[in-house]
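# Structural overview for review
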Amino acid sequence: MAILEKQEQKFLNQKDSPFIKSNFTPVVNKIQAKIPEKLQATLDTAFYMGFHFVFEKGNSLIEKTYNKDNIDVKYDLNNYALEKYMSKKHLKTLDKSSQQSKAINESIAAIEGGVLGLLGIGLPDIPLFLGVIIKTINEIALSYGYQYTSHEEKAYILYLICAAMTKEDLRKAYDQKIERLGKHIDAQTPMDIDLKAVMKETSDLLSNTLLTAKFIQGLPIVGVIGGVVNPLMVNKIGKYARIKYKKRYLLSKLSSINDSTGL
């Protein structure tokens, strides 16, 4: 837990996201000045509709890209072994599944973003891109024994995306919100979640962050540069999601130990 909290603080204290620091070519810098003013509102809508589709209709499609039952069975076996032996070896085995899924989804995002960028496809890429992000988080959640169908868990996923994609101060504020929400979910405390409002909040944040990248991705050939952002985002979101779900998992184990010993 101490090691994980150090990793968490290191992530939260990063100054900027990797793609914000990326050194775009002089050609791209000139393109930035030509971004239409209306594109921001268009991106806001595109991301919101993308999340709406993924959560309302797309989860069943996303689940066809991985074996949910197999991940659930692996978790049950790994969790049983960990509870029985409480060793670092078995914890690493539990981690392995989430690490593999993150790496695979980064590759998918790189191919998807690069190909569509080469063809000059920007906005239509958004539902596919969001699908890869949600796929990544879903697989990580399942790896630590968490389901993702409730409104509360969907809001948790959206806040994970927000925290990973913001700068330092906001990132820490979102992290606190995630901590509180996770505790409420795991304690099964009733909550009033306005999922549409959270989707709108996340959509606005992503469109602000990715305005330049998605505009560039909509330009043939040079759009490949915009597509490079996709795997960077999946990597960052996946890394943060692994930390938070693993933390919830470890906290649940500590709670069980305390309950059994009367502490």
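Figured I'd write up the structure that's included with this text. Treat the numbers as computed from the prediction; the structure is a model and nothing was measured.

Conventions used here
- Residues numbered from 1 in each chain as written.
- Predicted model: local features only at pLDDT ≥ 70, side-chain atom pairs only at ≥ 80, totals over all residues.
- Heavy atoms only, no water.
- Axes fitted to C-alpha atoms, helices over the stretch in contact; angles between N-to-C directions.
- Helix = DSSP H or I, 4+ residues; strand = E, 2+ residues; numbered from the N terminus.
- Parallel < 35°, antiparallel > 145°, perpendicular 65-115°, else oblique.
- Contact = heavy atoms within 4.5 Å.
- Nonpolar A, V, L, I, M, F, W, Y, C, P; charged D, E, K, R; others polar.
- Buried < 20%, exposed > 50% of the residue type's maximum accessible area, 1.4 Å probe, protein only.
- Phe/Tyr/Trp six-rings, centres within 6.5 Å; stacked < 30°, edge-to-face > 60°.
- Lys NZ or Arg CZ within 6 Å of the ring centre and 35° of its normal.

### As for the packing of helix H1 (residues 2-12) against helix H9 (residues 168-186)
Interhelical geometry of H1 versus H9 gives an angle of 140 degrees and a closest axis separation of 9 Å. By the angle class used here, H1 and H9 are oblique. Mapping the contact onto sequence places Glu8, Phe11 and Leu12 in H1 and Glu168, Arg171, Lys172, Asp175 and Glu179 in H9. Across the contact of H1 with H9, the residue classes break down as two nonpolar, no polar and six charged.

### Quick notes on the side chain of Glu8
For Glu8, the position within the fold is in helix H1. Residue classification places Glu8 among the buried positions, given a relative accessible area of 4%. Once you skip the residues sitting within four places of it in the chain, Glu8 turns out to touch Asp175, Glu179, Ile243, Lys244 and Lys247.

### Observations concerning the packing of aromatic side chains
Counted according to the given criterion, the structure contains seven aromatic pairs. Look at Tyr159 and Tyr174: their rings are 5.9 Å apart centre to centre, the planes differ by 40 degrees, and that puts the pair in the tilted class. Residue Tyr159 is found in helix H8 (residues 151-165), and its partner Tyr174 is found in helix H9; the two are separated by 15 residues along the sequence. Both residues of the pair, Tyr159 and Tyr174, belong to the buried class. Put simply, the rings of Tyr75, Tyr144 and Tyr249 pair up and form one aromatic cluster. The residue whose ring lies beneath Arg248 is Tyr146, and the NZ or CZ to ring-centre distance is 4.2 Å. The cationic tip of Arg248 hangs over the ring face of Tyr156; the distance from NZ or CZ to the ring centre is 4.5 Å.

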